[in-house]
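Structural features, examined
One-letter residues, chain by chain:
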Amino acid sequence: MKKIITMPKLSANMESGLLVALCKQAGDEIKKGDVLFEVETEKVVSEIESDENGRLVTLYYKEGDNVKVDEIIAEIEIV
Amino acid sequence: MGRKLPEWLKVNYNKEAVDEVSHMMADLKLNTVCKEANCPNLGECYKKKTATFMILGSVCTRNCRFCNVSNGHATKVDPEEPMNLAQAVKKLNLTHVVITSVTRDDLPDGGAAHFAKTIEAVRNINPETTIEVLIPDLRGVHENLDIVINANPNVINHNVETVKYLYADVRPQADYERSLKVLQYIKEKAPHITSKTGIMVGLGETDEQVYEVMDDCLKVNCDIFTIGQYLRPSEQHIELKEYVTPEKFEEYKKVALEKGFKYVASGPLVRSSYKAGEATSIFK
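Residues numbered from 1 in each chain as written. Chains lettered and ligands numbered in written order. Predicted model: local features only at pLDDT ≥ 70, side-chain atom pairs only at ≥ 80, totals over all residues.

Thoughts on the overall build of chain B
Put simply, the rule reads: Helix and strand definitions here come from DSSP, where helices need a minimum of 4 consecutive H or I residues and strands a minimum of 2 consecutive E residues; each element is numbered from the N-terminal end. By the criterion used throughout, residues are in contact when their C-beta atoms, derived from the backbone, lie within 7 Å.
What chain B contains, in helices and strands, is 11 helices and 11 strands. Taken along its principal axes, the extent of the C-alpha atoms in chain B is 50 × 45 × 40 Å. Partitioning the contacts of chain B with sequence separation of at least 6, the portion at a separation of at least 24 is 74%.

Brief notes about the overall build of chain A
Summing up its helical and strand segments, chain A has 0 helices and 8 strands in all. Secondary structure elements of chain A occur, N-terminal to C-terminal, as β-β-β-β-β-β-β-β. Projecting the C-alpha coordinates of chain A onto the three principal axes gives extents of approximately 35 × 20 × 15 Å. Across chain A, contacts joining residues at least 24 apart in sequence account for 54% of those joining residues at least 6 apart.

So, the environment of glutamate 7 of chain B
Residues and elements named next belong to chain B. Rules: Exposure criterion: with C-beta atoms placed from backbone coordinates, a residue whose C-beta has 20 or more other C-beta atoms within 10 Å is buried, one with 12 or fewer is exposed, and one in between is partly exposed.
Secondary-structure assignment places glutamate 7 in the segment before β1 (10-13). When the 7 C-beta atoms within 10 Å are taken as the criterion, glutamate 7 is described as exposed. Separated by 262 residues in sequence, glutamate 7 and leucine 269 have C-alpha atoms that sit 12 Å apart.

Considering the sheet that holds strand β6 (residues 96-101) of chain B
All names here are of chain B. Let me state the cut-off plainly: Paired strands, in this sense, are two strands between which DSSP finds at least two bridges. Helix axes use the C-alpha atoms of the stretch in contact, all axes being lines fitted to C-alpha atoms, and the angles between their N-to-C directions lie in the range 0 to 180 degrees.
An order of β2-β3-β6-β7-β8-β9-β10-β11 is seen for the 8 strands of this open sheet, with the pairing classed as mixed. At either margin of the open sheet sits one strand with a lone partner, and together these are β2 (31-32) and β11 (263-266). In the packing of helix α5 (residues 112-125) onto the sheet, contacts are made with β3 (52-55), β6 and β7 (130-134), and the angle to β7 comes to roughly 165°.

As for helix α6 (residues 142-150) of chain B
Quick reminder: α-helices carry 3.6 residues per turn. Residues three or four places apart thus point the same way. All names here are of chain B. Filter applied, for reference: This arc is built from the directions going out from the helix axis to the C-beta atoms.
For α6, every residue scored as buried is listed here: Asn144, Leu145, Ile147 and Val148. Down the axis of α6, the buried set is contained in an arc of 150°. They therefore lie on one face. In α6, those exposed residues whose orientation departs by more than 90 degrees from the buried face are Glu143 and Asn150. The secondary structure elements touched by the buried residues of α6 are α5, β7, β8 (155-157) and α8 (176-189). Positioned one or two residues after α6, asparagine 152 has a phi angle of 60°, which is positive.

As for the packing of α5 of chain B against α6 of chain B
All names here are of chain B. Rules: For this classification, under 35 degrees means roughly parallel, over 145 means roughly antiparallel, 65 to 115 means roughly perpendicular, and everything else is oblique. Lys, Arg, Asp and Glu make up the charged group, whereas Ala, Val, Leu, Ile, Met, Phe, Trp, Tyr, Cys and Pro make up the nonpolar group; the residues left over, Gly among them, are polar.
Between α5 and α6, whose axes approach to 8 Å, the crossing angle comes to 0°. By the criterion of interaxial angle, the relationship of α5 to α6 is roughly parallel. Within the contact between the two elements, α5 uses Ala112, Ala113, Phe115 and Ala116 and α6 uses Asn144, Ile147, Val148 and Asn150. Classifying every residue of the contact of α5 with α6 gives 6 nonpolar, 2 polar and no charged.

A few points about the interface of chain A and chain B
In this assembly, 19 residues from chain A lie in contact with 20 residues from chain B. Of all the secondary structure elements, the ones that give two or more residues to the side of chain A that touches chain B are β2 (16-22) and β5 (45-49) of chain A. With 5 residues, β5 of chain A is the largest single contributor of residues to the side of chain A that touches chain B. Here the residues of the side of chain A that touches chain B sort into 8 nonpolar, 5 polar and 6 charged. Pairing of β5 of chain A with β1 of chain B involves 4 bridges; the strand directions are parallel. Within β1 of chain B, the position partnered with valine 45 of chain A by the bridge is lysine 10 of chain B.

Description of helix α1 (residues 15-27) of chain B
All names here are of chain B. Filter applied, for reference: For a helix, the expected span equals 1.5 Å multiplied by the number of residues minus one.
For α1, spanning 13 residues, the distance from its first C-alpha to its last is 18 Å, which sits close to the expected 18 Å at 1.5 Å a residue. Regarding α1, the residues found buried are Val18, Val21 and Met25. Angular distribution of buried residues about the axis of α1 spans 75°; they occupy a single face of the element. The outward face of α1, more than 90 degrees from its buried face, is lined by the exposed residues His23, Ala26 and Asp27. Two residues or fewer past α1, lysine 29 is found with a positive phi of approximately 55°.

Let's talk about the environment of valine 89 of chain B
All names here are of chain B. Following the sequence through the fold, valine 89 ends up in helix α4 (residues 81-92). Note: C-alpha distance between valine 89 and valine 220 (131 residues apart in sequence) is 32 Å. Beyond its immediate chain neighbours, meaning those up to four positions away, valine 89 contacts Leu94, Val97, Val122, Asn126 and Thr129.

Topic: the confidence of the model for chain B
When pLDDT drops low, the exact placement of atoms in the prediction is not to be read closely. The line we're drawing: Every residue carries a pLDDT, the predictor's confidence in it, which falls somewhere between 0 and 100.
Overall, the prediction assigns chain B a mean pLDDT of 93, with 99% of residues at 70 or greater. Under the prediction, the complex receives an ipTM of 0.89, its pTM being 0.92.

Overview of the environment of glycine 72 of chain B
Residue and element names in this part refer to chain B. Among the structural elements, glycine 72 can be located in the loop between β5 (70-71) and α4. With 9 C-beta atoms packed within 10 Å, glycine 72 lands in the exposed category. In this structure the C-alpha to C-alpha distance between glycine 72 and alanine 168, which are 96 residues apart in sequence, comes to 20 Å.

Describing the sheet that holds strand β1 (residues 2-6) of chain A
All names here are of chain A. What the 4 strands build is an open sheet, ordered β1-β8-β6-β3; its pairing is antiparallel. Only two strands of the sheet have a single neighbouring strand rather than two, namely β1 and β3 (29-30). Both β3 and strand β6 (residues 54-59) contribute to a ladder of 2 bridges, which runs antiparallel. Residue pairing in the sheet places isoleucine 30 in a bridge with glycine 54 of β6.

Below you can see the structure in the form of C-alpha cells.
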C-alpha cells in the first residue's frame, strides 16, 4: 500500500515551508520514527518523522524548494 | 533560497503524535499556549503527551509585540473549562501540569477566580499531579493575587519577559516594576510556593541588562529563572536582533546559579514551561 507524505502545517499561520534537507532518497528503507526531511519555517527547523515502516518510492521536491502546506513531498510503499 | 536559521534551532515533529493531542484538546474545547503561541517545542511536548494549557479563552486583551496569541475583544469565560482541563490532565496522565492564560484586563479579578477553580478541579481528580500556574500580572492587585495564592498551586510563575529597558517596545501595556512586585508579593504571602520567572533574549539587550534582571528577581526571592531565545512569530512582530549562541546561554545559566537562583533553565529553545516538571521535582 502506498502513502503520500505532505508538507505538514507546523503552525496556524504557516502557508509554506523551506525544504532544507532531504534525509531519505528514493529507494531507501524507512523505519517508523526516521527523519524523512527537515523543514524551515519562521521560528525553527523541524525534523519530520515517518509514521510508517516502508520504502521511499518517489520524491517530488529537492532541497531548497519552498513547498506549500499539503503539497505532496514524497510517496512511501508501506510494509 | 537557503537556510537562514542557526543549526541549533532544530526540533522534532511527529504528525501522528501532534494530531492525537490536538484532537483531544479540540474535543474538550481546550486551548494550549503551545498552539496559540506557535511554540517551537510543540512537536516534542505533544509527542511526550504533555502540553501547557491556556485558560480564559484564546484572545488576549493586551498586545505584546513578541507574542503570537491573538489580541482583541476577549471571549466569554467557559464555566466547564476547569473540569475539562482536569479531565485532560487525567487522560494525559500528567505528573506536572502548567496552566497559563491570556491576560483578561476586562474581568474585574483578571481571571484569578477562574485560575483558582481550575487548580481546584485539577487537584480534585489528580491529587498526585503538581500544579504550576503561569499568571499574567493581574494588574498587580493583591486581592486578585490572593485568590490564586489561596488556591495553593505548587509553583506560581510570572514572566518579566525582557530587560527593563525594552519594556516600552516589547511589553507596552505592562510594567517592569509591577511584575517584580507581583513576584515579591507571591513569595511574601506564600513562602512555601515556588516562585518562577523568565526572560527572552535576542531582542537587543546587553549582558549587563540581563544580569540586572537576575539581580532584581533575586531581590524579590524568586526561586526559578528561565532564559530562552526570542523567536519572531511573523514580520508583524518585534524584530529579532540576534540569535544567542548555546554557549552564551550556558554562561547565563552559570551566572544565574552563582547569583543564587535555586534552579535555572537556559537554552535557545527553553520556554518557561518547557520541562517544567523537572524543575518542580527538586522542590518537592
